[in-house]
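# Descriptive analysis of the structure
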Amino acid sequence: AKVFKEAGYRVITDLSNRSTRTKILAQKSGIEDLGNLENIVLNSELILSILPPEFALNNAINTLKAFNNVNKPSITYVDCNAISPMTTLKINKIFSSSSINFVDGGIIGNNPIIENGKTRLYVSGPAVKEVLELDGKGMQVKHLNNNIGTASGMKMVYASATKGTFSLHAAVATVAHSLNLTEDLFKEFEDSQPNILSAMEKMVPRIPLDAKRWKFEMDEIAKTYSEQGITSKFHEGASEIMELAQKTPIAKETRETVDKNRTLIQALDMYIKALK
């Protein structure tokens with residue numbers, strides 16, 4: 001929202017049923033709250049759906065209802081959520097009998113301010129003209145092809161490697177801690193695999209902050225793998241690790257309030273306690 005506003009766009013949203021934290025962040029970013037989806041549809045040319053993945057389908061259904069309640073010939077809707085190609089195709093079907101132009105999307109990278117405008121929004125589908133106008137306006141928009149499901153597939157395979165690895169590192173470190181091998185294992189990693197140790201120290205204490213939505217993302221990735229005939233068990237396991245992370249006290253913190261001085265060992269103590 002911040003980078004789009006800096007590029008001269010009007011950014012609006014519906015903050016009903018959102019958390020106090022989200023409302024504060026939106027206000028700080030200068031996003032206009034129009035109160036309901038009907039107003040969003042009426043005042044928008046382009047809707048970007050960016051939510052925890054479990055809400056993607058309902059948001060599409062509610063947007064269609066709002067569209068049908070207002071007098072507007074068409075609008076472009078981009079689903080940017082971390083959902084499987086199969087879920088994306090369900091959303092495409094929801095819109096198929098309307099004049100809503102549906103675009104499949106997937107965001108890769110940190111937020112556009114951290115990435116200095118290099119966050120990637122991958123899109124696919126035939127109706128990408130309007131969203132491509134956002135390219136270079138605070139983020140990069142990359143059109144893969146005209147097939148709905150390609151962009152969400154790109155997000156799934158990418159996140160299966162990154163967040164899948166985060167969850168594996170959490171599992172490895174937690175088991176080592178449970179076996180009283182933490183010090184010896186970390187010394188071995190320091191000598192032979194320093195990149196793994198560095199990644200563990202960076203991410204394992206922070207996983208609980210996003211574990212609630214990442215759990216559903218792992219579920220969507222598992223569906224994607226299964227649909228392609230590849231075992232879904234890696235990411236079913238990753239989903240279980242996210243559930244464990246959710247049970248730690250860290251999960252009650254936010255990116256703004258998280259203890260930045262918490263060590264990996266301190267975090268692992270919490271994982272073990274949650275496990276028990």
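Described below are features of the structure shown in this document.

Conventions we followed
- Residues numbered from 1 in each chain as written.
- Predicted model: local features only at pLDDT ≥ 70, side-chain atom pairs only at ≥ 80, totals over all residues.
- Heavy atoms only, no water.
- Pairing = 2+ DSSP bridges.
- Helix = DSSP H or I, 4+ residues; strand = E, 2+ residues; numbered from the N terminus.
- Axes fitted to C-alpha atoms, helices over the stretch in contact; angles between N-to-C directions.
- Contact = heavy atoms within 4.5 Å.
- 1 Å grid on protein atoms, 1.4 Å probe; cavity = no way out; pocket = protein on both sides within 12 Å on 5 of 7 lines; lining within 4 Å.
- Points joined across faces, edges and corners; volume = space filled by probe spheres on them.
- Nonpolar A, V, L, I, M, F, W, Y, C, P; charged D, E, K, R; others polar.

Another point: the sheet that holds strand β3 (residues 46-49). Read across the sheet, 5 strands follow the order β3-β4-β5-β6-β7 without closing on themselves; strand pairing throughout is mixed. Where the open sheet ends on each side, the last strands, each with one partner, are β3 and β7 (140-143). The average undirected angle you get between the axes of adjacent strands in this sheet is 30°. Note that strand β4 (residues 75-79) and strand β5 (residues 100-108) share 5 bridges and pair parallel. Bridging across to β5, Ile75 finds its partner in Ile100. Running over the sheet, helix α5 (residues 85-95) touches β4 and β5 and is turned about 160° from β5. Across the sheet, helix α7 (residues 150-178) is in contact with β5 and β6 (120-124); its angle to β5 comes to roughly 20°.

Right, let's talk about the layout of surface pockets for a bit. Here the second largest pocket is characterised by a volume of approximately 160 Å³. Looking at the second largest pocket, the residues that line it are Ser160, Ala161, Gly164, Thr165, Ser167, Leu168, Ala171, Phe234, His235, Gly237, Ala238 and Ile241. Contributions of two or more residues to the lining of the second largest pocket are made by α7 and α11 (233-246). Looking at the lining of the second largest pocket, the element that brings in the most residues is α7, giving 7 residues. For the lining of the second largest pocket, the class distribution of residues is 6 nonpolar, 6 polar and no charged.

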